[in-house]
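Below are the chains, spelled out letter by letter.
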Amino acid sequence: MQRADGSIGEDILLTPERRQYWRTDFVADAPLFRVVHSGAIVVDDALAGRVLAAGATGIVFQDVTSDRAQAGLVLKALETSV
């Protein structure tokens, strides 16, 4: 993640101990936005999927919507058709 001073760190923003809670009726104005109170950068699933499908390297997306995210870090994987 990018720190406030512009340097790059390997910090994890959202851990089970530092959960963020969203209103059930929340709708973002854009597919990519910064959360004011935490500084987290959030993308929607569609944008994350496009970035992963494009083969971008050096970027990962934390899946905070996964049930497994309640107990640990879950990274979003490229969805493939079977």
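Chemist: Can you help me understand the overall build of the protein in this one?
Modeler: For the protein, the helix and strand inventory stands at one helix and two strands. Ordering the α and β elements of the protein from the N terminus gives β-β-α. For the protein, buried positions account for 17% of its 82 residues. Residue pairs at least 24 apart in sequence account for 28% of intrachain contacts in the protein once pairs closer than 6 positions are excluded. Accessible surface, the protein: about 6700 Å² in total, of which carbon and sulfur atoms supply 54%.

Chemist: Can you walk me through the packing of aromatic side chains in this structure?
Modeler: A complete count under the given rule lists one aromatic pair for this structure. Summarising the aromatic geometry, the rings of Phe-26 and Phe-33 are spaced 5.9 Å apart at their centres and angled 50° between planes, so their arrangement reads as tilted. In this structure Phe-26 comes out as partly exposed when scored by relative accessible area, which is 35%.

Chemist: Help me out: how do you make sense of the confidence of the model for the protein in this one?
Modeler: Interpretation of this model should avoid reading the predicted coordinates in detail wherever pLDDT is low. When the pLDDT values of the protein are averaged, the result is 76; 73% of them are 70 or greater. Mean pLDDT across the elements of the protein bottoms out in strand S2 (residues 41–43) (87) and peaks in helix H1 (residues 45–53) (90).

Chemist: Even after reading the chapter, I still don't get a nonpolar patch on the surface, so can you show me in this structure?
Modeler: A cluster of nonpolar side chains, namely Val-60, Leu-73 and Leu-75, defines an oily patch on the protein surface of about 280 Å² accessible area. Structurally, Leu-75 can be placed in the segment after H1. A relative accessible area of 45% means that Leu-75 is categorised as partly exposed.

Chemist: Would you mind showing me how to read the environment of Gly-55 here?
Modeler: The residue Gly-55 is located in the segment after H1 in this model. Taking C-alpha positions, Gly-55 is 9.6 Å from Leu-78, a pair spaced 23 residues apart along the chain.

Chemist: What is the right way to read H1 from this model?
Modeler: For the α-helix, the turn length of 3.6 residues means that residues three or four positions removed from each other point alike. Among the residues of H1, Leu-47, Ala-48 and Leu-52 are the ones counted as buried. An end-on view of H1 places all buried positions within 135° of arc, on one side of the element. Away from its buried face by more than 90 degrees, H1 exposes Arg-50 and Ala-53. For H1, the secondary structure elements touched by its buried residues are strand S1 (32–34) and S2. Following H1 by one or two positions, Gly-55 has its phi on the positive side, about 85°.

Reading the values: the criteria
Residues numbered from 1 in each chain as written. Predicted model: local features only at pLDDT ≥ 70, side-chain atom pairs only at ≥ 80, totals over all residues. Heavy atoms only, no water. Helix = DSSP H or I, 4+ residues; strand = E, 2+ residues; numbered from the N terminus. Buried < 20%, exposed > 50% of the residue type's maximum accessible area, 1.4 Å probe, protein only. Contact = heavy atoms within 4.5 Å. Areas by Shrake-Rupley, 256 points an atom, 1.4 Å probe, with all protein chains shown as cover. Phe/Tyr/Trp six-rings, centres within 6.5 Å; stacked < 30°, edge-to-face > 60°. pLDDT = per-residue confidence, 0-100. Patch = residues over 30% accessible without salt bridge, like charges linked within 9 Å, V, L, I, M, F, W, Y side chains within 5 Å. Salt bridge = Lys/Arg side-chain N within 4 Å of Asp/Glu carboxyl O. Arc of directions from axis to C-beta.

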